[in-house]
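Per-entry structural report
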Amino acid sequence: MRDDYSSKLGYGLKWAYLLSIVGALLAPVFHIVYISFNEHGFSARIYEFTTDWYRVVLGDIMLVASLKWTFYLALSAVLTAVPMGLLAAKLYKRTQHKVAFVTLMLAPLFVPADIMASSLLVFFRNANGVFELLGEALGWEWLTHWFELGFLTALIGQILYTLPYAFVIILITMSRYHPQQTEAARGCGATGWQAFCQVEFPQIRAGVFSACAFVVILSFNEATRTALLKGGFDTFANVLVSQMLNVGMSGESYAMAGIMSIVAITVIGGFLIYTLIQSGRLERVARAKADPLMSS
Amino acid sequence: MANMPNIAVEVTDLAKSYGSVVALKSVSFRIDSGRYFVLLGPSGCGKTTLLRLIGGFIRPTRGRILLHGRDVTDLPPNKRPTSMVFQSFALFPHMTVTKNVGYGLRLRKLPTSEVLARVDDMLDMVGLEGLGDRLPHELSGGQQQRVQLARSLVLETDILLLDEPLAALDAKLHKSMCIELKRIQEKVGITFVHVTHNQEEAMTVADDLAIIDNGELVETGRTIDLYENPLRRFTADFIGENNIFDGRVSRIDGVEATIDLGYDTVTANSRGQAVRVGDDASISVRSERLQIFDRDGKVEDSFYYLPATHMETVYLGLTTSEIVTLPDGKEVVVRRLSDGVENAGFSRGAVIRIGWRKADGRLHTS
Amino acid sequence: MRRDIESTSPTAGGGWDVPASPSPWQRLIGEDGLQKWVFYVPIAFMVLFFAIPMTATVVWSVFERTQFWMEPGFTFSAYENFFTSARVENYLSSMIHSAWAVVICFVLGFPVAVFVRRRVPRVAQHRVILLFILPFMISELVRVFAMRPVLGRYGLVNSFLMDIGLINEPITVILFSPLGVIIGDVLSFLPFMVFAGFLAMEAVQLYVFEVCDDLGAGTVRTFSDVIVPLAAPGIFAGSVFIFVNSLGVALVPIILGGPGAVNAGLIVNQAIVALDFPLAMAISTIMIVTLMALLYVGHRLFDLTKILEPIN
């Protein structure tokens, strides 16, 4: 409640509205998880709890293999997109062409997945053609397979998807960092790298880890770009999509959707709870930092 | 023959622009080693840019910087014999005071016992004994600045740079911190280069001053010289309370130049400046060198007099200022130590004369 | 205690060594070594894998189609194909659906952002907004898929309405129809509107509300005359984001739309599957041009660079 004169009822109603929106957004997902534990699947009148569907899914070797690819892709995405986001954020702070820079970094957000993936597909095939010609002309065998559709191309698609998010999250965290501290560390004899590791990183750590969590989840959930840009493998999300489109709503589909949701909820939910606990403590510290006594 | 003092900092034709924005036009000067040197100027004049160029945090667009005779222009901050104290928020918040102060020493891979010993000594020197385990946000503003000082001094660099170190502290603390800074500098003996816009702060700590305005070096010299005998009009306007009378050179007699103020003419020593008849020039007189006389009182040969009208008396505690206007409307301030009387008996609008000793007028051609 | 100063860089004892003057190579790469160039990797990546393919899309759209691929050329046949077929009607109607989705998202979601900014204490605001990250973090796949058992004939909504006796027959118009697509879009993108609104409201300081109250402006007038103009850049950016993405995400019409329901993204997908690459590129070009036109108009109206201010 911000002021003493506004009505408590109004405040309560607005909170109720907010929570019902969140509820409406989440309810269908919880519904799916609920169904996935039902022996008789959807549209059955009786409910019998079972983990059978999950056992079927996890016992399917192909599906487990796809989980493995999902994991590799997500890990690679984090290891590339987050450091790149960090580098981009640092360059942004220093550059004088801020608007152009940000426009280019955030533009992929405004291009829908199917469009971006289609263009990239054509791009890679053309590039592959060019590289093949080059490789044969120069006799450099290793050049010819660079842009064949495969893990690398799928990864590039994912980086284009996740890098803007990583960039923004890290940028927002860095906006609270005081650059004089890096300068003070340099003045004490630290190299640029030392100053970053020992002084700056401990303070932006939280933002970097949030970016990591974000990228993992985005990559894990992503299907469109991967579908178009991969070659020779399937991620978990790809399998789910083909299942949904071809088979429809089977018990396995629900279980797969359930797995994806449970993973997302645990990771993010856990992260949320962690930040909530932390933020209480950090609040007090931040308030003290912002306002030290100025007269003694 | 007396020993020539070592030159700690020598700056030659130093300039910095950001695209089309010129932060610093060509600046050249020297700082003697072991002195407390202050860069003084209004906000946005380029003094902080200059300091950061010396420290190595910015690259110059043009010019060279020599520290103790070595060209450091292309060296980063960690390779220069300087360390810096910032205005605020420069302590590492995730480290204790001891860790903060010992940071540079640890980077040099000194043994822990020695690091701790040196840190403790330094904390004692700056008056923070016993506070080693505190975190920065648990300290007051003044204490935080002392920690920064300790962190820089413990490195035993030749030159300490201070970027408006007292700007974030309240007025009462200013004075005592100024005196402490001066005391520490005299004790440690290294060169301090201190940037501020606060005149009083500069006068308290500085041995030597450089006045910067609009990206240019206006004047540099010993503090007392700049106060008593400023060469440039800007310096006279910026330091101390000076009254400046603008006019034209009407006659030159050897080293004496006569300025036509319109309502009167005044002569002053050209002090080595190049003067030509017809040039614009000004005369400045410190407000405490002016006196008020009765309109029809006696006339001394060694004094200049101007007719004026009394406007207001301002009692400021230590000093009392009388504000008078000249016939052309220009305001002049006459200052004196207060004599315990609120009003010296002047009534508003009273016609009086102001006067100063001829020798107290200083000529400025720029 | 005066010290004699003789040397100039740090050694363990506290004195300083004499540095060598830098070689031309050192001066080129900077004292910190090659580190400087590594910072340009992300932006180079973006140029190589985003800017170039996007501009190339326009070029490829005028190529000639071959059986399995395409040939460099200059022809508008792909565009003719698009504009003379039923696809263009589908494209336009999907634009209308997307526009509806944006409007509904705004009406439902923006008040939440205003409420959080205004009534929740500053330090808790981010925590409340985090609540909206949760649905966003669950795969869109699953969220859209989850709408079927909710909106279907025997789904949650219908069972509930029939159980409480409001209707006798299940409502079929909410699934496998344009309405289903709109509902799917709204539920997919509502969190974005809340985020965008939250960021946009950063531009409206609290004292503005107090001034409005003081002057006696009612809720509606405060909203239309003060809040919306101030928050406009952020709202517009968020709206464009939702509009473009709902136009482009093929998933929603596939799963929730009726037979033949398509949006731009799905048409592109179908073209690729049919190996008609110039056509896919042509539609992509049209979408990109639409997007750029929208952003340009928005920038002229609202100055979108204001959104950057909280980051600086």
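Position numbers for residues count from 1 along each chain, tracking the sequence in the order it is written. All chains are assigned letters beginning with A, and all ligands numbers beginning with 1, in the order in which they are written. Confidence filtering applies because this is a predicted model: local features only for residues at pLDDT of at least 70, side-chain atom pairs given and counted only at 80 or more, and all residues used for totals across whole chains, interfaces and linings. Hydrogens and waters are ignored; side-chain quantities use all the structure's heavy atoms.

Some points on the overall build of chain B
- Only DSSP runs of H or I with at least four residues qualify as helices, and only runs of E with at least two residues qualify as strands; both kinds are numbered from the N terminus onward. In terms of helices and strands, chain B carries 8 helices and 20 strands.
- Principal-axis analysis of the C-alpha atoms places the extent of chain B at approximately 80 × 50 × 45 Å.
- Contact between two residues is taken to exist if any of their heavy atoms lie within 4.5 Å; hydrogens are not considered. Across chain B, the fraction of contacts at a sequence separation of at least 24, relative to all contacts at a separation of at least 6, is 66%.
- Note on areas: these come from Shrake-Rupley sampling with a 1.4 Å probe, and a residue is covered only by the protein chains present in the view. Surface exposure of chain B reaches about 15900 Å², of which carbon and sulfur atoms provide 49%.
- In this tally Asp and Glu are treated as negative and Lys and Arg as positive; neither His nor the chain ends contributes. Charge positions are represented by NZ for Lys, CZ for Arg, CG for Asp and CD for Glu. The average position of the 44 basic charges and that of the 49 acidic charges among the side chains of chain B differ by 5 Å.

A word on the packing of helix H4 (residues 141-153) of chain B against helix H5 (residues 171-188) of chain B
All names here are of chain B.
- Note on geometry: axes are C-alpha line fits, over the in-contact stretch for helices, and angles between N-to-C directions span 0 to 180 degrees. Put simply, H4 and H5 touch, their axes get as near as 12 Å, and they point 15 degrees apart. In this view, H4 runs roughly parallel relative to H5, as classed from their interaxial angle. The handedness of the crossing between H4 and H5 is right-handed. Residues Gly142, Gln145, Arg146, Leu149 and Leu153 of H4 touch H5, and the partners they reach there are Leu173, Met177, Glu180, Leu181, Ile184 and Val188. The labels follow the angle: roughly parallel below 35 degrees, roughly antiparallel above 145, roughly perpendicular from 65 to 115, and oblique for the rest. Crossing handedness is read from the near helix: turned anticlockwise from the far helix by less than a right angle, it gives a left-handed crossing, and turned clockwise, a right-handed one.

Considerations on the pairing of strand S4 (residues 62-67) of chain B
Residues and elements named next belong to chain B.
- Following DSSP output, two strands are said to pair if at least two bridges run between them. Relative to S4, strand S1 (residues 7-18) runs antiparallel, the two sharing 5 bridges. Residue pairing for S4: Val9 is matched across the bridge by Leu67.
- Where S4 and strand S5 (residues 70-71) come together, 2 bridges link them in antiparallel fashion. Across the sheet, the residue bridging to Leu66 is Asp71, located in S5.
- Between S4 and S5, which pair antiparallel and follow one another directly, the connecting turn spans 2 residues, one of which, His68, has a positive phi of 50 degrees.

Some points on the interface of chain A and chain C
- Facing the 90 residues of chain A at the interface are 86 residues of chain C.
- The term salt bridge refers to a side-chain nitrogen of Lys or Arg lying within 4 Å of a carboxyl oxygen of Asp or Glu. At the junction of chain A with chain C, the criterion picks out 0 salt bridges.
- Elements represented by at least two residues in the side of chain A that touches chain C include exactly helix H1 (8-36), helix H3 (61-94), helix H4 (98-106), helix H5 (113-138), helix H6 (151-174), helix H8 (192-221), helix H10 (236-246) and helix H11 (251-290) of chain A.
- Under the grouping applied here, Gly and all other residues not named as nonpolar or charged are polar, the nonpolar ones being Ala, Val, Leu, Ile, Met, Phe, Trp, Tyr, Cys and Pro and the charged ones Asp, Glu, Lys and Arg. The residue inventory of the side of chain A that touches chain C, partitioned by class, reads 67 nonpolar, 12 polar and 11 charged.

Digging into helix H3 (residues 112-125) of chain B
Residue and element names in this part refer to chain B.
- Take the residue count of a helix, subtract one, and multiply by 1.5 Å to get its expected span. With 14 residues, H3 should reach 20 Å at 1.5 Å per residue; the first-to-last C-alpha distance of 20 Å fits that figure.
- Each residue's exposure class comes from its accessible area (1.4 Å probe, protein chains only) as a fraction of the maximum for that residue type: buried when under 20%, exposed when over 50%, partly exposed otherwise. Here H3 has its buried residues at Val115, Arg118, Val119, Met122, Leu123 and Met125. Looking straight down H3, one finds that the buried residues subtend no more than 155 degrees of arc, so they occupy a single side. Away from its buried face, by an angle of more than 90 degrees, H3 presents the exposed residues Ser113 and Asp121.
- Just downstream of H3 lies Gly127, where phi reads positive at about 85 degrees. Directions from the helix axis toward the C-beta atoms define the arc.

Quick word on the sheet that holds strand S20 (residues 362-364) of chain B
Residues and elements named next belong to chain B.
- Taken together, the 5 strands give an open sheet; going across it, the order is S13-S12-S11-S14-S20, and neighbouring strands pair in antiparallel fashion. The sheet is open, and its two borders are formed by strand S13 (265-269) and S20, each paired with just one other strand. With direction set aside, neighbouring strand axes in the sheet form an average angle of 45 degrees.
- Two strands pair when backbone bridges link them, and strand S14 (residues 280-286) and S20 are joined in this way by 3 bridges, in the antiparallel orientation. The residue of S20 that forms the bridge with Ile283 is Leu363.

Structural notes on the sheet that holds S4(B)
Residue and element names in this part refer to chain B.
- Across the sheet, which stays open at both edges, the 4 strands sit in the order S2-S1-S4-S5 with antiparallel pairing between neighbours. Here the strands that pair on one side only, and so sit at the sheet edges, are strand S2 (21-32) and S5.
- Of the pairings in the sheet, the one linking S1 to S2 comprises 8 bridges and is antiparallel in character. Along S2, the bridge assignment pairs Tyr18 with Val21.
- Where helix H1 (residues 47-55) meets the sheet, it contacts S1, S2 and S4, and its direction lies at approximately 120 degrees from that of S1.

Concerning a negative patch on the surface
- Residues with no salt bridge and a relative accessible area higher than 30% make up the patches, which join like charges within 9 Å and nonpolar side chains (Val, Leu, Ile, Met, Phe, Trp, Tyr) within 5 Å. Where like charges cluster on the molecular surface, the negative patch consists of Asp120(B), Asp121(B), Asp124(B) and Glu129(B).
- In this fold, Glu129(B) is placed in the loop between H3 and H4.

A few points about the interface of chain A and chain B
- If you look at the interface, chain A gives 27 residues, while chain B gives 33 residues.
- Where chain A abuts chain B, roughly 2500 Å² becomes buried across the two surfaces, and 61% of that area is made up of carbon and sulfur atoms.
- The interface formed by chain A and chain B includes 1 salt bridge.
- With its nearest N and O atoms 2.4 Å apart, the salt bridge here joins Arg52(B) to Glu183(A).
- Mapped by element, the contributors of at least two residues to the side of chain A that touches chain B are helix H7 (180-187), H8 and H11 of chain A.
- Sort the elements by how many residues they give to the side of chain A that touches chain B and H7(A) lands first, with 7 residues.
- Of the residues that constitute the side of chain A that touches chain B, the class distribution is 12 nonpolar, 12 polar and 3 charged. Defined in terms of a 1.4 Å probe, buried area is the accessible area two parts forfeit on being brought together, summed over both.

Side note on the side chain of Arg148(C)
- Following the sequence through the fold, Arg148(C) ends up in helix H9 (residues 148-151).
- The buried category is assigned to Arg148(C), whose relative accessible area is 16%.

Observations regarding the packing of aromatic side chains
Residue and element names in this part refer to chain A.
- Each pair of aromatic rings taken from Phe, Tyr and Trp, with Trp reduced to its six-membered ring, is defined by centres within 6.5 Å and is described as stacked if the planes are under 30 degrees apart, edge-to-face if over 60, and tilted in the remaining cases. Following the criterion strictly, the structure yields 42 aromatic pairs over all chains and no others.
- Geometrically, the ring pair formed by Trp69 and Phe151 is tilted, given 6.0 Å between the ring centres and 45 degrees between the ring planes. Placement of Trp69 in helix H3 and of Phe151 in helix H6 is noted, with a sequence separation of 82 residues between them.
- Ring geometry for Phe196 against Phe201: centres 6.0 Å apart, planes inclined by 55 degrees, an arrangement best described as tilted.

A few points about the domain arrangement of chain B
- Taken as a whole, chain B is organised into domain 1 (7-228) and domain 2 (242-364).
- Computed over C-alpha atoms only, the centres of domain 1 of chain B and domain 2 of chain B are separated by 39 Å. The start and end points of each domain follow an automatic or database-based domain assignment.

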